[in-house]
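These are the residues of each chain, in order.
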Amino acid sequence: MAAARRMVVVGGDAAGMTAASQVRRLRGAEELEIVAFERGDFSSYSACGIPYWIGGSVDARDDLIARTPQQHREHGIDLRMRTEVTEIDVDGQRVRTRDPSASGDGEAWTGFDELVIATGARPLRPPLPGIDADGVHGVQSLEDGQALLDALHTREKAAAGRKLRAVVVGAGYIGVEMAEALTLRGFDVTVVDQAAQPMTTLDPDMGELVRDAMCGMGMEVVTGAKVTAVETEESGSDRSAGRARAVVTQDATYPADVVVLGLGVAPETSLAREAGLPLGESGGLLTDLAMRVRGHENIWAGGDCVEVLDLVSGRTRHIALGTHANKHGQVIGANIGGAYSTFPGVVGTAVSKVCDLEIARTGLLEAQASQVGLQFVTVTAEATSRAGYFPGSESMRVKMLAECGTGRLLGTQIVGRAGAGKRVDIAAVALSAGMTVGQMTFLDLGYAPPFSPVWDPVLVAARKAKAAVEAEAAGK
Ligand SMILES: Cc1cc2nc3c(=O)[nH]c(=O)nc-3n(C[C@H](O)[C@H](O)[C@H](O)COP(=O)(O)OP(=O)(O)OC[C@H]3O[C@@H](n4cnc5c(N)ncnc54)[C@H](O)[C@@H]3O)c2cc1C
């Protein structure tokens, strides 16, 4: 007997398959058929793990796959791989698909009662000469990761003892994680970015700490440098032919055996745009708190293709993170499955690392706070990860922003060694709860010498921030 209703999912990774799995937990196949389309070769995989797979900390590609297409099918989800959705017909309640392996032109229409758009993000790839040459790699998908790994193996075999060189273009978190991966593989690594500091998700003074640490690890960090071309082995005017051999900026040329792009992403919303669905300033789909596309009762969207509400600034932003994508999928699945759930928004928390340097932020940077008209004080605190006398105690810097007058916490950034990064979660919880820095100073955090100093570094910063708010109010 045919199912009464059908849910169609576009995109078979974090947001889409979490939504599908959650619905299946709540509703049987006799009530709701689930058909999911994925244009790539893999489902439910962790792109977050790609740098660690390339760097060798994770053994195999398949370790990054949480659930294979076959496993999804065994759970009652009709997941159709290598099938691209090419059109959404909103009025006709159907999607057009293209499956190159199918007979005829491979095109078909599938009707839906509920539609989930989970198309993710696409990596930025500026139209520079040579950018598509052999030897220039993105790391957005497992296919990308495999292509890079294959290329690295080939270069490593052919190197015959010569030290290989890698240029990473872009010093955001993916760029610095890839710089670590390539360093671990024994490459000489140069990271090039047009910004003044690496990690523009931090304030410049905190980004400077990242640069210093990366240089200390033997990496070359070139900032304020706009890439103008990738030079290839072919001489003459056709720079796109042949294998990449260098990255060219306006001032210099950096030789490269391999080039990795980490230039950020944009929401993959071309289908949604063509279908006339509402998009925000950064091109992400706009949803309500239940993750329903605004103005469309039975169309839902989540993950890297949507904009999220930033609870600190009150604005919507595009933040492409797996942590949000999974939660969006959970919310969508609960709502389609007949339960009720909402996604409240984010405070902008992120953590990453380059070798032994941990980098974290939550809330607003100085520039972001100014942009939305907030007045604030800023403090920085130098502290240690454990009691100073305890072996293995590492230093870190905590930067904190608090609103003038109210003392409300606005943001926290942390750069330091082991034990630094995840401390940002204390500030993330405080931000979510709308706490003032004064309230934070007496938070009942766990303490023992192997775990922290008696005043945790985040509390040290909160105390300084409280004093700064009071001094500002007193006109000092
Ligand atoms: C190298 C790297 C490291 C990362 N590290 C972290 C991290 O440490 N922490 C963190 O929180 N996040 C991290 N992320 C981000 C995280 O991976 C993404 O936020 C997450 O994968 C988003 O999930 P999604 O389902 O929204 O989109 P995606 O994972 O991009 O999945 C979208 C899927 O839709 C498919 N698709 C798109 N269009 C169509 C179509 N028309 N038809 C059919 N299928 C389509 C795509 O092929 C893709 O498989 C990292 C990302 C990368 C690339």
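Before reading on, note that the structure itself is shown above.
All residue numbers refer to positions counted from 1 along the written sequence of the respective chain. Totals for whole chains, interfaces and linings use every residue, but because this is a predicted model, local features are given only for residues with pLDDT of at least 70 and side-chain atom pairs only at 80 or more, for both listing and counting. Excluded from the side-chain calculation are hydrogens and water; included are all heavy atoms of the structure.

Enquirer: Which parts of the structure should I look at to understand the pattern of salt bridges?
Expert: Pairs can form between side chains of opposite charge whenever their charged atoms are close. Any Lys or Arg side-chain nitrogen found within 4 Å of a carboxyl oxygen on Asp or Glu counts as a salt bridge. Under the defined criterion, the tally for this structure stands at 32 salt bridges. We note a salt bridge from R292 to D288, for which the minimum N-O separation is 3.5 Å. By sharing partners, the salt bridges in this structure join R39, E84, R98 and E268 into a single network.

Enquirer: What am I meant to see in the sheet that holds strand β5 (residues 94-98) here?
Expert: If you trace the three strands from one edge of the open sheet to the other, you get β4-β5-β6, paired in antiparallel fashion. The outermost strands of the open sheet, each flanked by one partner alone, are β4 (84-89) and β6 (107-111). Across the sheet, the mean angle from the axis of one strand to that of its neighbour is 25°, orientation sign disregarded. At least two DSSP bridges between two strands are needed for those strands to be called paired. Only DSSP runs of H or I with at least four residues qualify as helices, and only runs of E with at least two residues qualify as strands; both kinds are numbered from the N terminus onward. Here five bridges tie β4 to β5, and the two strands are oriented antiparallel to one another. Residue pairing across strands places E84 opposite R98, the latter belonging to β5. The convention used is that axes are lines fitted to C-alpha atoms, helices contributing only their stretch in contact, and that angles between N-to-C directions extend from 0 to 180 degrees.

Enquirer: How should a nonpolar patch on the surface be read in this particular structure?
Expert: Side chains of Y389, F442, Y447, V454 and W455 sit close together on the surface and give an oily, nonpolar patch of about 640 Å² of accessible area. Checked against the element boundaries, V454 lands in the loop between α11 (437-440) and α12 (457-473). What makes V454 exposed here is its relative accessible area of 61%. The residues that make up patches have over 30% relative accessible area and no salt bridge, and they are joined within 9 Å when like-charged or within 5 Å when they are Val, Leu, Ile, Met, Phe, Trp or Tyr. Surface accessibility follows the Shrake-Rupley procedure with a 1.4 Å probe radius. Residue values consider only the protein chains on display as shielding. Accessibility here uses a 1.4 Å probe with only protein chains present; expressed as a share of the type maximum, an area under 20% marks a residue as buried, one over 50% as exposed, and anything in between as partly exposed.

Enquirer: Just to check I follow, could you spell out the site of the ligand for this structure?
Expert: Summary of the distance rule: residues count as near a molecule or strand when at least one heavy atom falls within 4 Å of that molecule or strand. D13, E38, D304, L321 and G322 are the nearest of the 31 residues found near the ligand. Each polar contact in these results corresponds to two N or O atoms within 3.5 Å; when the atoms are within protein, one needs to be able to donate a hydrogen and the other to accept it, and residues that are neighboring in sequence are counted only if both atoms are side-chain atoms. R39 places a main-chain nitrogen or oxygen 3.1 Å from a nitrogen atom of the ligand. At a separation of 3.3 Å, an oxygen atom of the ligand approaches a polar backbone atom of L321. Against a free-state accessible area of 1000 Å², the protein chains account for coverage of 90% of the ligand. Contributions of two or more residues to the shell around the ligand are made by α1 (14-26), β2 (32-38), β4, α5 (173-184) and α8 (322-336). The greatest single-element share of the shell around the ligand, amounting to three residues, is contributed by α8. By convention here, the domain bounds are inherited from an automatic or database domain assignment. Here the shell around the ligand gathers at least three residues from each of two domains, domain 1 (5-121 + 265-336) and domain 2 (136-261).

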